[in-house]
Amino acid sequence: MTDESLKYPTPDRSPTHETHEADARDLPLEDNTVDFIVTSPPYWQKRDYGFEDQIGQEETPEEYVEVIIETLDEWRRVLTDHGSIFFNIGDTYEKRSLTGIPWKVAEAAREDGWLVRNEIQWVKESGMPDPAKNRLANRHEPIFHFTQNNDYYYDQHGYSHKYGYNGANPSDVWNVGFERNTGGHLAPFPSELVERAVTLGCPPAVCTECGEPRTRELRRTDKLDESRSQAKRAMEIYEQSDLTKEHIRAIQSYGISDAGKAREIQDGTGRNAEEVQELAEEAKEVLGGYFREFTFAKKETSGWSECDCDAPTRPGVMMDPFCGTGTSLDAAANMGFSTVGVDLDPPEEIQMSLGASVQQG
Ligand SMILES: C[S@@+](CC[C@H](N)C(=O)[O-])C[C@H]1O[C@@H](n2cnc3c(N)ncnc32)[C@H](O)[C@@H]1O
């Protein structure tokens, strides 16, 4: 795969960074101004931050879930149509039993109209020691991907190449250890989590007029992922044969039509054009059992989408509405995105590291 696959469009405008002292349920932001949210709310009954409006100290799980849903509703208002949320939430023991908070929240979000696209398992083997003697240490936490519709910005291809999956659909298990923040403390939210989420869901450039994000455009190649021995052998047979790229295209359309999805390459009658069938048959004869390998051929970036507006683009805006120490904002800012941090108590460091000013909200 060429480096082109990881090339991102450069937005015309520079990134902006702002932090707000505000309640996550009542954001001092205009509608449709945030492209992506990564956050971890205060967990239920874990830590008393000492603020009257704080979330997390509700008496029952049900009340907590209700508050989180109210919060998500407010985020829906500020999210653009292509915007989505990566939401990390942990569980709490009540009377020695896990409460099941994460899935109570996910279920309620689903009922409230969100799509729960993924439950990523964040696996953290090297966490704080857990003193319990009659149960195992809790070493994983879910990160839900909530979307408003099925048309959200998502760059699976870029993520797959950046994190070593070589174009295949990456796994929903994230092994990410803790890291120390600038103060020498364990940061609750490692920047790698944010980088992964932002790579998947925050558009690098958005049109300032129509609001459409630039999206990656892909084309199929005749190359396979040769780290798999089956694929390597398939490539060898192909390269030593008289088969052409047209044969590979035919296999790809034939293979997809087997799965009933080949509309764009079929002849309109619901079946493959005769010529395509013939080429596929020829290829099948030469490749035998390796034929199917070519339906998983690598894709490469052919470019990024454009819109008809003659307007500048801006960087995607990532928001953390419970920004705490600001790890997530720093991570997104370092990747070139605009950031919005919100917290009842936004700390000084965020303002210093991002050069942003706290606005009262
Ligand atoms: C960093 S997050 C939680 C991290 C981790 N999930 C945990 O439970 O320890 C917590 C932040 O949320 C903030 N916070 C609490 N209630 C809030 C609210 N209603 N609106 C905005 N921020 C709030 C707190 O000030 C704190 O900085």
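Per an unreviewed UniProt entry, the protein is named Type II methyltransferase, and its organism is Haloferax larsenii. Here the protein is described in UniProt, under the heading Sequence similarities (unreviewed entry), as follows: "Belongs to the N(4)/N(6)-methyltransferase family. N(4) subfamily." A UniProt comment under Catalytic activity (unreviewed entry) is attached to the protein, and it reads "a 2'-deoxycytidine in DNA + S-adenosyl-L-methionine = an N(4)-methyl-2'-deoxycytidine in DNA + S-adenosyl-L-homocysteine + H(+)".

S.K.: Just to check I follow, could you spell out the site of the ligand for this structure?
M.R.: Close to the ligand lie 18 residues; Ala24, Ser40, Pro41, Ile55 and Asp343 are nearest. One of the backbone N or O atoms of isoleucine 55 is found 3.0 Å from a nitrogen atom in the ligand. Its residues assigned to classes, the shell around the ligand shows 11 nonpolar, 3 polar and 4 charged.

S.K.: Help me out: how do you make sense of helix α2 (residues 101-111) in this one?
M.R.: All of the buried residues in α2 are Ile101, Pro102, Val105, Ala106, Ala108 and Ala109. Projected onto a plane normal to the axis of α2, the buried residues spread over an arc of 165 degrees and lie on a single side.

S.K.: Please clarify how helix α7 (residues 274-287) should be interpreted in this entry.
M.R.: Note: α-helices contain 3.6 residues per turn, so residues at a spacing of three or four share the same orientation. With 14 residues, α7 should reach 20 Å at 1.5 Å per residue; the first-to-last C-alpha distance of 20 Å fits that figure. For α7, the complete set of buried residues consists of Val276, Leu279, Ala280, Ala283 and Leu287. The arc enclosing the buried residues of α7, seen along the axis, measures out at 100 degrees, which places them on a common side. Within α7, the exposed residues directed more than 90 degrees away from the buried face are Glu274 and Glu285.

Analysis parameters
Residues numbered from 1 in each chain as written. Predicted model: local features only at pLDDT ≥ 70, side-chain atom pairs only at ≥ 80, totals over all residues. Heavy atoms only, no water. UniProt positions renumbered as here; feature names shortened; annotations may be inferred. Near = heavy atom within 4 Å. Polar contact = N/O pair within 3.5 Å; in protein donor to acceptor, adjacent residues only side chain to side chain. Nonpolar A, V, L, I, M, F, W, Y, C, P; charged D, E, K, R; others polar. Buried < 20%, exposed > 50% of the residue type's maximum accessible area, 1.4 Å probe, protein only. Helix = DSSP H or I, 4+ residues; strand = E, 2+ residues; numbered from the N terminus. Arc of directions from axis to C-beta. Expected span 1.5 Å × (residues − 1).

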